[in-house]
Amino acid sequence: MSSPSKHPASPSKGSKRARSDSHSCSASLGHDDHHAGGAEAIRLAGADGKSKRYDDEHGIVRKRTNIETVVLDREVAAHEIAEALPKEISVVPKVDLFVPEALKDAIFVGHLVTDLDSVGGAIGAASLYGGKAALASKVNSETEFALQEWGVTLPPTIEEVLKENPDAKICLVDHQQTSQMNPAINPDNVVGVIDHHALQSKTIVTDRPIYIDIRPWGSMSTIIAHTFLTHQRRPSMQVAGMLLCAILSDTLNLQGPTTTEWDRLMVAVLSEIAEVDDIQFLATQQFKAKSKELAGLSAHGLVNGDQKSFSFSTDKFSGDVGFAVVETTDDAVIIDRLGELLPEIVACKKEKELSALFLAVVNIVTLKGTLLLCGPTELSLAQAAFPDCALTNEGSTLMDLGKRVSRKKDYIPEITRAIKAGWSKPIQRGQSTVDIASLGKLEVDPLDPYQRVVRKGSALTPKEGEAFKVVG
């Protein structure tokens, strides 16, 4: 059996930051509850009890993010579930009734172009059922982050495992199509499938019955987390942390179209078990790691990955302003996708009922910022906030922010200053006047190896050969 016990026991510095205020926060709140990952949101709550202090120096507060609201809405249930589990980390179930015989000592392996859900789910399944996790291919930067964050050793490749034991039993996780299966795997040795995708073409066919657990949830790791609970098993902090990060990844921080109530509840429960106090910090750090490899991010993923919104109310303007940031070592690659990003920014602005939405692309090597402007409101507010910054393209959709690279220190204080100084929305309207029903649907292409969430059927998508129009 492969067990997390051989992994380093202490989490990384990043994880300690996500839980850095656990003791002081618990003392101020009067108990040891981590509030299902929302303890930091409570500790920094604004005067209304629903916002979060963002910059005390400038008196700026922001709205709680979706994921903060989700976990706090479920903190009581999460705490009760976590408290009901055995305190000890059991290696095997006390009752073998719950463990399919076929999965004992099996190799749990995900799909090619492997992602965090494949790796985290395999590690969780190996711990749950008594087996060994393996990799179908090289891990990405997001998975590397999670492994380091939770002090988990990188699993061996499936080729290495099969070299030692060619006839090993295989359980496929996070996939069931032969086109996504590592070619080193003999289909005759597949004894199980644990997945959350639809059964479509090239689904594996076997000569004998195998164990199947397929549920229409947002993440395969949600299935593993739920099974831990139904088996009355407490996952270790490392396993809980890996499952948590995997669910956040596959559901786009619980905002993706496949997100279910089970995903939301499991994130709250796993945050409690993994002793996470600041779920938003963990999600933000994970997105930064993910954005190092841009091929795996759709326009929707880039716009929504690290986005915060701020409420304002003055004599001339009242509304919410959203501000998303993407940090990268190659900003040109993202800016080249301007025609794809601008319609998505408008769609997100419309769906979230924001008055304005910005996306800043920050090159972390050259320390240079570029602001994407999706409409007249954004253009007007950006020019008021950054009067010395030039527009750099013909359509007035890009602004050179120079060495301004921090949302907290450089962007939001200046936008706040401009609004408080009397800025008001321009009369001219942009593409956000489009009817919300014409924004299309968010879908996941089951044949996409990156499982990216894309918007299809949107009236905002420019026709071939046409440029996106800022003004409608």
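What counts, and at which threshold
- Residues numbered from 1 in each chain as written.
- Predicted model: local features only at pLDDT ≥ 70, side-chain atom pairs only at ≥ 80, totals over all residues.
- Heavy atoms only, no water.
- Pairing = 2+ DSSP bridges.
- Helix = DSSP H or I, 4+ residues; strand = E, 2+ residues; numbered from the N terminus.
- Axes fitted to C-alpha atoms, helices over the stretch in contact; angles between N-to-C directions.
- Contact = heavy atoms within 4.5 Å.
- Polar contact = N/O pair within 3.5 Å; in protein donor to acceptor, adjacent residues only side chain to side chain.
- Core = buried A, V, L, I, M, F, W, Y, C linked by side-chain atoms within 4.5 Å.
- Buried < 20%, exposed > 50% of the residue type's maximum accessible area, 1.4 Å probe, protein only.

*Asks:* Account for the sheet that holds strand β10 (residues 356-363), naming residues and giving values.
*Replies:* Spatially, the five strands line up as an open sheet ordered β8-β9-β10-β11-β12, and their pairing is mixed. Where the open sheet ends on each side, the last strands, each with one partner, are β8 (307-313) and β12 (398-402). Between one strand axis and the next, the sheet turns through 25° on average, direction left out of account. When strand β9 (residues 318-328) meets β10, the two strands line up parallel, connected through eight bridges. Residue V321 lies in a different strand from β10, and its bridge partner there is A356. Here helix α17 (residues 407-420) sits on the sheet and contacts β8, β9, β10, β11 (368-372) and β12; the angle it forms with β9, its principal contact strand, is near 155°.

*Asks:* Describe the sheet that holds strand β5 (residues 170-173), with residues and values.
*Replies:* Backbone-to-backbone hydrogen bonds pair the strands of a sheet. The strands run either parallel or antiparallel. Here five strands make up an open sheet; going across it, the order is β4-β3-β5-β6-β7 and the pairing parallel. Edge positions in the sheet fall to β4 (132-134) and β7 (211-214), since each of these pairs with one other strand and no more. When the angles between neighbouring strand axes are averaged without regard to direction, this sheet yields 20°. Sheet topology places β5 next to strand β6 (residues 190-195); four bridges connect them, and they run parallel. When the bridges of β6 are listed, I170 appears paired with V190. On the sheet, helix α9 (residues 220-230) packs against β5, β6 and β7 and is oriented at approximately 100° with respect to β6.

*Asks:* Lay out the environment of L460 in plain terms, naming residues and giving numbers.
*Replies:* Along the polypeptide, L460 turns up in the segment after β14 (453-456). C-alpha separation for the pair L460 and E340, spaced 120 residues apart in sequence, amounts to 9.9 Å.

*Asks:* Describe the side chain of R234, and please don't skip the residues or the numbers.
*Replies:* Within the element layout of this structure, R234 appears in the loop between α9 and α10 (237-250). A polar contact is formed between the side chain of R234 and the backbone oxygen of A82, at a distance of 2.5 Å. There is a polar contact of 2.7 Å between the side chain of R234 and the backbone oxygen of P86. Excluding its chain neighbours within four sequence positions, the residues that come into contact with R234 are A82, L85, P86, K87, E88, I89, F228 and I273.

*Asks:* Run through the nonpolar core, naming residues and quoting values.
*Replies:* Among the nonpolar cores identified, the biggest contains 63 residues, and F108, I194 and L282 are the most heavily contacted of them. Ranked by residues supplied to this core, first place goes to α10 with nine residues. With sequence-adjacent residues up to four places away left out, I194 is seen in contact with F108, Y129, C171, L172, V173, D174, H175, Y211, D213, M220, I223 and I224. Core analysis: the second largest hydrophobic core is formed by 27 residues, F323, L371, I412 and I419 among them.

*Asks:* Before we move on, can you summarise the side chain of T416 with the specific residues and values?
*Replies:* Secondary-structure assignment places T416 in helix α17. For T416, a relative accessible area of 6% gives the class buried. Not counting residues up to four positions away in its chain, the partners in contact with T416 are I60 and F312.

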